[in-house]
Structure formats: structure tokens, C-alpha cells
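So you can see what is in the structure, the chains are spelled out below.
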Amino acid sequence: MGASRDETHFGYQSIPLGEKQGRVDDVFHSVARRYDLMNDLMSGGLHRAWKDVLVTTVNPPKSGKPFALLDLAGGTGDIAFRVVEAGGPNTHATVCDINAEMLAVGEERAAARGLDASVTFEQGNAEELPYADKGFDCVTIAFGIRNVPRIERALAEAYRVLKIGGRFLCLEFSAVDMPGLDRLYEFYSFEAIPRIGEMVTGDREAYQYLVESIRKFPKPKAFAAMIETAGFRRVSYRQLTGGIVALHSGWKL
Ligand SMILES: C[S@@+](CC[C@H](N)C(=O)[O-])C[C@H]1O[C@@H](n2cnc3c(N)ncnc32)[C@H](O)[C@@H]1O
């Protein structure tokens, strides 16, 4: 991605690999309380439709069959809430995120929805998961993987904690490949999003990072190859909304 082995990108800036997580943590610490509102404002509510596609693909059993989801970089709990609401009585979700502030907002939301028994919030690093091998039926990560400094490690960890036959699903901003939409998207991303971010959260830089980090993330085909390298099989992806977002899938077989 243009940076040397011990360097990475924080948005468009080239920084030492060891500094990235701290910078990312500052971003989410700063925006945690306004995070959910900002998602609606920035995407015009579209993030809900994208998350619905992810949850439909997770397809938790409606019966009483036990189903354990691990939602990595799960932040304020959106994916976990949707999956347990879509699944049967024995569907359980674990939200794992590195940022205590995001998790605290998530725990408050779970309590307000009466979902505290079926959703557990735990602090952890996607690169080094605090879970035993083969414990989960499905591992999801939504708008999280591009923030993780060593993506290969996070993919290897997702693979390790999945049961055989389990599925990995990753929803992430991607590369717009629709003529016309690409220019509009470029303008909206670089002109509007940092301004909205500044107005709502007081932190323009956090949202400048967001749009830059999206541009630096590997293209869908290249990311699919990374998922395959981690050991997943039947890897596929689906582009949504003209490629603004991609949903990648891989199975542990
Ligand atoms: C854009 S938010 C996505 C939150 C949620 N998945 C959603 O879709 O609303 C990105 C999340 O990634 C988390 N994160 C960043 N680096 C991480 C890491 N190494 N391990 C676990 N979580 C991480 C951040 O704390 C933040 O909550």
C-alpha cells in the first residue's frame, strides 16, 4: 500500500506501524458519543440498509438451535443487536472492540433495548483475540477492518476462533466503480463529510481520517485474496450501492 514494512497509513499520512492503533483509538474515543448519529447523517441512513444485508447473510437460525456470533470491532453494538433480534432464543452475540468508550455506549444501548442477556460486550484487540479456538459459528466485522493496523493478523484470528463450517463476513467501505457516482462520491466524501463531522462531533480530523482511510483500503479483489491467504475457502464478495460498500464472505472448511 505504498508504505514500507514498518510503516503504515493513517488516512493519507505515512506513519510507523506501532503508532496507528493509538491514533485510531483517539478517533473513536473522540466520536463515541456521537458515533451513531453521525452514521445516520453521513450515509443518509444507508448504513442501516448495508447492515441489513450483512445480517440477512449471517442468517442466524430462527429455531432454538444455539448460534454464537462474534462481532469484531463491534463498537456500539449495531450488528450484534440486529443479529440477536433476527435469530432464535439461543442466538448470542459477543461484541469485541478495542475501545472502552464505544463499548460503554453499546452497553447502554443494549440495556435500553432489553438485550443485555443476549449480547456481551468485551474489550479486545482484533489482532490478538481473547478467545479459544473454534468457539464461534460466525465472525462479522463491519466498517472495522480498515482501522486495524495488521489486517492479516485480524483475518488469521477470525479464522482461528471460528468453528469448522463457520463463516466470516466483512462489511467495509470499498471502491466506487460507477461512472458519475464516483465523482459525486468523491466530492461528498472530501467536501461534505469532514464538515458534517466537525459540526456534529467537533472533530474534523476524525472524519478526514475516515474518508482517507477508505481510499487506502485494498480494492475488493485484493481484499478477497487476503481473506483466502488467511485460510478461508469459497471466498466471494458482493458490491453494494455502486461499490460504496463491499460485503466479503469466506468459510472455514
Ligand atoms: C467505524 S467503527 C464500526 C463500529 C460498528 N462495527 C458499526 O458498524 O457501527 C470502527 C470500530 O473499530 C474499532 N477498532 C479499531 N481498531 C480495533 C482493533 N484493533 N480491534 C478491535 N476493534 C478495533 C474501533 O474502536 C471502532 O469501534
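Before going into details, it helps to say that this report is about the structure given with it. (Residues numbered from 1 in each chain as written. Predicted model: local features only at pLDDT ≥ 70, side-chain atom pairs only at ≥ 80, totals over all residues. Heavy atoms only, no water.)

A look at helix α6 (residues 151–161)
As a reminder, the rule being used: For every residue, the accessible area obtained with a 1.4 Å probe (protein chains only) is divided by the maximum for its type, and the residue is called buried under 20%, exposed over 50%, and partly exposed between those limits. Each helix is a run of H or I in the DSSP string that is no shorter than four residues. Each strand is a run of E no shorter than two, and both are numbered from the N terminus. Working definition: the arc comes from the directions between the helix axis and the C-beta atoms, pointing outward to the latter. Pairs of residues are marked as contacts when any of their non-hydrogen atoms sit within 4.5 Å.
Residues of α6 that are buried include every one of Ile 151, Ala 154, Leu 155, Glu 157, Ala 158 and Val 161, and no others. Take α6 and look down its axis: the buried residues cluster within an arc of 160°, on one side only. Those residues of α6 that are buried lie in contact with β3 (67–72), β6 (136–142), β7 (162–173) and α9 (220–229).

As for the packing of aromatic side chains
As a reminder of what qualifies: When two rings of Phe, Tyr or Trp (its six-membered ring) have centres within 6.5 Å they constitute a pair, described as stacked for plane angles under 30 degrees, edge-to-face for angles over 60, and tilted for the intermediate range.
For the structure shown, the criterion picks out 11 aromatic pairs. With a centroid separation of 6.1 Å and an interplanar angle of 85°, the aromatic rings of Trp 50 and Phe 173 are classed as edge-to-face. With Trp 50 in helix α3 (residues 46–58) and Phe 173 in strand β7, the pair connects residues that are 123 residues apart, well separated along the chain. In terms of burial, Trp 50 and Phe 173 fall into one category: buried. Ring plane angle 65° and centroid distance 6.3 Å describe the contact between Phe 81 and Phe 121, whose orientation is recorded as edge-to-face. Note that Phe 81 is positioned in helix α4 (residues 78–86) and Phe 121 in strand β5 (residues 119–123), a separation of 40 residues in sequence.

Side note on the environment of Ala 156
Its location among the elements puts Ala 156 in helix α6. For Ala 156, a relative accessible area of 39% corresponds to the partly exposed category. For the pair Ala 156 and Met 38, spaced 118 residues apart in sequence, the C-alpha to C-alpha distance is 31 Å.

Structural notes on the nonpolar core
Worth spelling out the cut-off: Remark: nonpolar core denotes a set of buried residues (Ala, Val, Leu, Ile, Met, Phe, Trp, Tyr, Cys) joined through side-chain atoms within 4.5 Å.
Membership of the largest hydrophobic core comes to 53 residues, with the highest contact counts inside it found for Trp 50, Leu 54, Val 119, Leu 171, Phe 173, Tyr 207 and Val 245. Contacts of Val 119, omitting those with residues within four sequence positions, involve Ala 80, Phe 81, Val 84, His 92, Ala 93 and Val 95. Val 148, Ile 151, Cys 170 and Phe 223 belong to the second-largest nonpolar core, a separate cluster that totals 26 residues.

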